[in-house]
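Structural description and commentary
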Amino acid sequence: MGGLLLGAHDPGTGDLRYVGDVGTGFTDAERDRLRTRLAALERPGHPFAVAPPREDVARARWVDPVLVGEVRFRQFTRGGGRLRHTSWRGLRADRVPGDAVVPSTEARPNEQLAIPGPGPGPGPGPGPSPAPARPAADAERAQPPGPKVTVRAGGRKLTLSNLDKPLYPDGFSKGEALNYYSRVAPVFMPHVAGRPVTVVRWPDGTAGKAFFEKKVPRGAPDWLSTVRLPSTSARSRHGQRGEPIEYPLLDELAALVWAANLAALEIHVPQYTVDLGPPPARRPPDRLVFDLDPGPGATVVDCCRVAERLQSLLADDGLTAVAATSGSKGLQMYSPITTRDPAAPSAYAKRLARQLARETPDRVTAVMAKTQRAGRVFIDWSQNNPAKTTIAPYSLRGRDLPAVATPVTWAEIRACRRANQLAFTAEDVLDRVAEQGDLLETLLGAGPHLPSD
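Residues numbered from 1 in each chain as written. Predicted model: local features only at pLDDT ≥ 70, side-chain atom pairs only at ≥ 80, totals over all residues. Heavy atoms only, no water.

What follows deals with helix α5 (residues 344–359). Between its first and last C-alpha, α5 extends 23 Å over 16 residues, near the 22 Å set by a 1.5 Å rise per residue. Every buried residue belonging to α5 is among Ala344, Pro345, Ser346, Tyr348, Ala349, Leu352, Ala353, Leu356 and Ala357, and all of these are buried. Summarising the contacts, the buried residues of α5 are in contact with β18 (287–294), α4 (300–316), β21 (364–365) and β22 (377–380). (Helix = DSSP H or I, 4+ residues; strand = E, 2+ residues; numbered from the N terminus. Expected span 1.5 Å × (residues − 1). Buried < 20%, exposed > 50% of the residue type's maximum accessible area, 1.4 Å probe, protein only. Contact = heavy atoms within 4.5 Å.)

Set out below in structure tokens:
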């Protein structure tokens, strides 16, 4: 069971109306229980007064709308009458189907709504399922909110500004971005610690212009950890390396909060850590990455099928793979590795990518050219180049929604049949972390040697 299609009653006519779907908030065990329970309620056609859009209900299996569930949502659209940014909370055994009504168009963000099937999930007993506990925030407010606010992050004080400024079209604000990063920090920071970061900043929100920033900006606090490394790309006319770059290191909560206050929504990192020296230097890569990017006509569903094949090839070579959504259209796969040669991960990843492209040329390409990507999944093996960076796990993305590069289970990948099943917002991720912990914890340990070493 991938997700649930939702219905609620029109308060005026009593008709059951389609109001969207929900694909997050379920544990694997709950999905299994739901599949069994819903099978007994199956019916041949939809139960709505008006047929839902065909593109929304492809591959749907219909059930009688007799169960009531609770769904958390951020928005109810005026024109389409759809719930947006939904997350499942569980069955409501204390409610009957008639209690579930279509919300008003003035519904507040994060309002909770009881929704009758098709597709509720069993709660722990009578009453609503409690929301999972969140990771404790380590940044506490030190004075009332205003144009500028002082917070304590770890042992440091920072001054934050423009917290009410919307950074996403749905109203997700700078303050909400700061809140997200401070709360996800316990699982986020181990994946960026010791790695020089490149950020993408949206000072005017995601509807405005963005810019990449490698160098530590002017005005950075003197306590911020940094590392000065030779450029891996810029070259002079004489073929020498370009000027060294002073990179920031996000090795403590205060540094993460500082970056988020600059509207640095996206945080990108390489596959290596650094030795601070003296002199500072790049260590050999400690993880392998495949960036699965769907071309026109393909989706993350196609990426999931490629990921399953890649997982099998990596397992044959003794490597353990974990996965995360890109927070955009695709999927990333990682394996912890040990290597002495900085070029070895790219060479190994390229070999596997080309193997899959040869086996299924109509579904996979290992070539970067956009003309080769239509209907295919591009396996970007070049992300292993020391000059490249990849979106960090748990990082926000600068898209229309506060989407996140989200770790996912292999069960979720195998079950994925619709793209929205692997689309997660900041709120979804905090719930997932509270329930599942860090699904990429494997990456934090030492990995085996690459077969080519």
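That covers the picture; the talk isn't over yet.
Spatial strand order, β12-β11-β15-β23: four strands in an open sheet with antiparallel pairing. Lying at the two open borders of the sheet, with one neighbouring strand each, are β12 (211–213) and β23 (390–391). As defined by bridge partners, strand β15 (residues 264–269) adjoins β23 across two bridges and the pair is classed as antiparallel. Each residue of the ladder has a partner; that of His268, found in β23, is Ile391. (Pairing = 2+ DSSP bridges.)

Okay, the nonpolar core next. Proteins that are soluble and globular tend to have nonpolar side chains buried together. In this structure, Tyr180, Val184, Phe188, Phe290, Leu292 and Met333 are the most contacted members of the largest nonpolar core, which totals 82 residues. Excluding anything up to four places from it in sequence, Phe290 contacts Leu310, Leu314, Leu331, Gln332, Met333, Ala349, Leu352, Ile379 and Asp380. Membership of the second largest hydrophobic core comes to 18 residues, among which are Leu4, Val19, Leu34 and Val63. (Core = buried A, V, L, I, M, F, W, Y, C linked by side-chain atoms within 4.5 Å.)

Overall, the coordinates contain five aromatic pairs when judged by the stated rule. One aromatic cluster in this structure is built from Tyr18, Phe48 and Trp62. One cation-aromatic arrangement involves Arg432 over Phe424; the distance from NZ or CZ to the ring centre is 4.3 Å. (Phe/Tyr/Trp six-rings, centres within 6.5 Å; stacked < 30°, edge-to-face > 60°. Lys NZ or Arg CZ within 6 Å of the ring centre and 35° of its normal.)

Let us now look at the confidence of the model for the chain. Reading fine detail from the predicted coordinates is not recommended where pLDDT is low. For the chain, the average pLDDT comes to 86, and 87% of its residues sit at 70 or higher. Confidence drops under pLDDT 50 across residues 106–146; counting only partners more than four residues distant or on other chains, this segment forms 132 contacts. Across residues 234–240, where pLDDT falls below 50, the model places six contacts with residues more than four positions away in sequence or in other chains. (pLDDT = per-residue confidence, 0-100.)

A few words on the packing of helix α2 (residues 174–188) against helix α3 (residues 253–261). Between α2 and α3, the least distance of the axes is 9 Å, while the angle of their chain directions is 150°. Put simply, α2 runs roughly antiparallel to α3. α2 and α3 meet at a crossing whose hand is right-handed. In this structure, α2 contributes Lys174, Leu178, Tyr181, Ser182, Ala185 and Phe188 to the contact, and α3 contributes Leu253, Leu256, Val257, Ala260 and Asn261. Residue composition of the contact of α2 with α3, grouped by class: eight nonpolar, two polar and one charged. (Axes fitted to C-alpha atoms, helices over the stretch in contact; angles between N-to-C directions. Parallel < 35°, antiparallel > 145°, perpendicular 65-115°, else oblique. Left-handed = near helix turned anticlockwise from the far one by under 90°. Nonpolar A, V, L, I, M, F, W, Y, C, P; charged D, E, K, R; others polar.)

We now examine the pairing of strand β19 (residues 322–325). Going residue by residue along β19, you find Val322 and Ala324 tucked away on one face and Ala323 and Thr325 tucked away on the opposite face as well. Pairing analysis gives four bridges linking β19 to strand β20 (residues 331–336), with the strands arranged antiparallel. Across the sheet, Ala324 pairs through a bridge with Gln332, a residue of β20. Once β19 ends, the chain turns through five residues before running back antiparallel as β20, passing Gly327 with a positive phi of about 80°. As judged from the two bridges shared by β19 and strand β24 (residues 407–408), these two strands associate in the antiparallel manner. Bridging across to β24, Ala324 finds its partner in Pro407.

Attention now goes to the sheet that holds β18. Sheet architecture is open: six strands sit in the order β21-β22-β18-β20-β19-β24, paired in mixed fashion. Pairing within the sheet leaves two strands with one partner each, and these edge strands are β21 and β24. In this sheet, β20 lies alongside β18 in antiparallel orientation, the contact comprising six bridges. When the bridges of β20 are listed, Asp291 appears paired with Gln332. Sheet strands touched by α4: β18, β20, β21 and β22. Its angle to β18, the strand with the most contacts, is close to 150°. Across the face of the sheet, α5 comes into contact with β18, β21 and β22 while running at roughly 35° to β18.

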